[in-house]
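The lines below spell out each chain.
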Amino acid sequence: MASSISYPEDKVAWFIKDSSLGLVSNYSSTGTTRTSRKAWQAVDHAVTDGLLLHYWAEPKKITSIGDTPDIDNTFHLALVDYVKMCLYMDRAGTTQGESSGIAFQLSEMHKRKFQESVRRFGNRRREKTGGVRAILPYNFQ
Amino acid sequence: MSVHSLTAKKIISRVRQVFPDAPESYIMSLLNDALVEAGLYSTKGMSAKVSVVADQMFYDLSDSAKDSSNNVLELNKIHRVDFMDDDGDYIKIPRLLDGETLMFDITSESVIEQPD
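Quick caveat: nothing in here was measured; it's all calculated off a predicted structure.

Criteria and cut-off values
- Residues numbered from 1 in each chain as written.
- Chains lettered and ligands numbered in written order.
- Predicted model: local features only at pLDDT ≥ 70, side-chain atom pairs only at ≥ 80, totals over all residues.
- Helix = DSSP H or I, 4+ residues; strand = E, 2+ residues; numbered from the N terminus.
- Rg over C-alpha atoms; globule rule 2.2 N^0.38 Å.
- Buried ≥ 20, exposed ≤ 12 C-beta atoms within 10 Å, placed from the backbone.
- Contact = placed C-beta atoms within 7 Å.
- Core = buried A, V, L, I, M, F, W, Y, C linked by C-beta atoms within 7 Å.
- Nonpolar A, V, L, I, M, F, W, Y, C, P; charged D, E, K, R; others polar.
- Pairing = 2+ DSSP bridges.
- Axes fitted to C-alpha atoms, helices over the stretch in contact; angles between N-to-C directions.
- Domains from an automatic or database assignment.

1. Overview of the overall build of chain B
Turning to step 1, where the next piece is worked out: A tally of helices and strands in chain B yields 2 helices and 4 strands.
Turning to step 2, where the next piece is worked out: Relative to the globule expectation of 13 Å for 116 residues, the C-alpha radius of gyration of chain B, 21 Å, shows a markedly less compact shape.
Turning to step 3, where the next piece is worked out: A principal-axis box enclosing the C-alpha atoms of chain B has dimensions of 60 × 45 × 25 Å.
Turning to step 4, where the next piece is worked out: Going through the 116 residues of chain B one by one, you find that 25% of them count as buried.
Turning to step 5, where the next piece is worked out: For chain B, long-range pairs separated by at least 24 residues make up 28% of all intrachain contacts whose partners lie at least 6 apart in sequence.

Set out below in structure tokens:
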């Protein structure tokens with residue numbers, strides 16, 4: 001079933017409600033635009049493959065030792081940092097004295113490295129397009 | 001020529017340079033924790049098609065949600081939505097940031113959590 005909406009940018013909108021995508025439209029299949037206070041309702045006709053979602057996805061789980069992590073290879077070293085962070089924290093909790101302090105500091109170091117590569121830079125570090133960014137101001141005339 | 005990447009086995013061998021006694025299953029578990037953590041940020045971009053159902057306002061985005069080809073979406077954060085127009089082209093549609101529509105349709109929605 002095809003869409004019968006000519007200008008979705010004017011007649012359809014989306015929003016997030018908990019773990020759901022809300023889709024509302026003021027278009028009526030009778031050909032008229034709804035204008036009453038109940039104008040924005042669900043889309044009133046089915047559209048096969050009608051929505052194209054662009055999103056950040058969750059990587060797949062590793063199940064075997066031969067698996068390659070389901071994430072861009074630029075983040076693979078960050079995974080090593082995360083594992084070392086946890087293991088050093090375990091060591092800090094199971095030893096005493098100076099070695100515990102050293103393990104804690106090393107855990108913090110790996111935590112910083114993981115956060116820097118994943119949380120702080122994320123997609124920006126590996127962005128495929130690159131180049132200088134420019135801002136085009138709105139024309140008020 | 002393929003790009004350099006690390007398998008779980010290579011990651012385990014790197015970790016064992018410092019922690020030779022760390023159990024393999026524990027490292028694998030930590031690796032999956034790391035992937036969940038990394039997935040919270042913009043690390044894996046995807047696009048998927050979902051069919052629009054007549055008179056249905058809400059579409060499931062939970063961990064088990066599927067696209068129109070019955071593949072699991074594995075979705076964390078949507079940053080753009082396109083809607084198919086009458087020519088079959090996908091057009092970007094605006095987002096209502098507060099999501100506060102005047103009329104809330106609950107009667108036909110199976111994805112909204114309701115008490116048993």
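From this point, things continue past the structure.
2. Observations regarding the overall build of chain A
Turning to step 1, where the next piece is worked out: The helix and strand inventory of chain A stands at 4 helices and 3 strands.
Turning to step 2, where the next piece is worked out: Going from the N terminus to the C terminus, chain A shows its helices and strands as α-β-β-β-α-α-α.
Turning to step 3, where the next piece is worked out: Residue pairs in contact within chain A that sit at least 24 positions apart in sequence constitute 34% of those at least 6 positions apart.

3. Looking at the nonpolar core
Turning to step 1, where the next piece is worked out: With 28 residues, the main nonpolar core has Val12, Ala13, Trp14, Leu23, Leu51 and Leu53 of chain A together with Ile93 of chain B as its most contacted residues.
Turning to step 2, where the next piece is worked out: At the level of secondary structure, the elements contributing two or more residues to this core comprise strand E1 (12–17), strand E2 (20–25) and strand E3 (47–57) of chain A together with strand E1 (45–52) and strand E3 (75–84) of chain B.
Turning to step 3, where the next piece is worked out: Among the elements that take part in this core, E3 of chain A stands out by supplying 6 residues, more than any other.
Turning to step 4, where the next piece is worked out: Excluding anything up to four places from it in sequence, Ile93 of chain B contacts Pro8, Glu9, Val12, Ala13 and Trp14 of chain A together with Val81, Asp82 and Phe83 of chain B.
Turning to step 5, where the next piece is worked out: If you look at the next biggest cluster of nonpolar residues, it comprises 25 residues, including Ile27, Met28, Leu31 and Ala38 of chain B.

4. Some points on the environment of Gly22 of chain A
Turning to step 1, where the next piece is worked out: Of note, Gly22 of chain A is situated in strand E2.
Turning to step 2, where the next piece is worked out: A C-alpha to C-alpha distance of 8.5 Å links Gly22 of chain A and Ala42 of chain A, two positions 20 residues apart in sequence.
Turning to step 3, where the next piece is worked out: Gly22 of chain A has contacts with Trp14, Phe15 and Lys17 of chain A together with Met57, Phe58 and Gly99 of chain B, leaving out every residue within four places of it along the chain.

5. Examining the interface of chain A and chain B
Turning to step 1, where the next piece is worked out: Tallying the contact residues gives 65 residues for chain A and 75 residues for chain B.
Turning to step 2, where the next piece is worked out: Elements with a minimum of two residues in the side of chain A that touches chain B: helix H1 (8–11), E1, E2, E3, helix H2 (76–94) and helix H3 (98–120) of chain A.
Turning to step 3, where the next piece is worked out: Sort the elements by how many residues they give to the side of chain A that touches chain B and E3 of chain A lands first, with 11 residues.
Turning to step 4, where the next piece is worked out: Of the residues contributing to the side of chain A that touches chain B, the split by class is 36 nonpolar, 17 polar and 12 charged.
Turning to step 5, where the next piece is worked out: Pairing between E3 of chain A and E1 of chain B: 7 bridges, direction antiparallel.

6. Here we look at the sheet that holds E1 of chain A
Turning to step 1, where the next piece is worked out: With antiparallel pairing, 3 strands are arranged side by side in an open sheet as E1(A)-E2(A)-E2(B). Two strands bound the open sheet, and with one partner strand each, they are E1 of chain A together with strand E2 (58–60) of chain B. Neighbour-to-neighbour, the strand axes of this sheet turn through a mean angle of 25°, independent of strand direction.
Turning to step 2, where the next piece is worked out: Pairing of E1 of chain A with E2 of chain A, which is carried by 6 bridges, proceeds in the antiparallel orientation. Residue Ile16 of chain A lies in a different strand from E2 of chain A, and its bridge partner there is Leu21 of chain A.

7. Looking at the domain arrangement of chain B
Turning to step 1, where the next piece is worked out: Domain annotation for chain B reports domain 1 (8–39) and domain 2 (47–98).
Turning to step 2, where the next piece is worked out: Inter-centroid distance (C-alpha atoms) of domain 1 of chain B to domain 2 of chain B is 35 Å.

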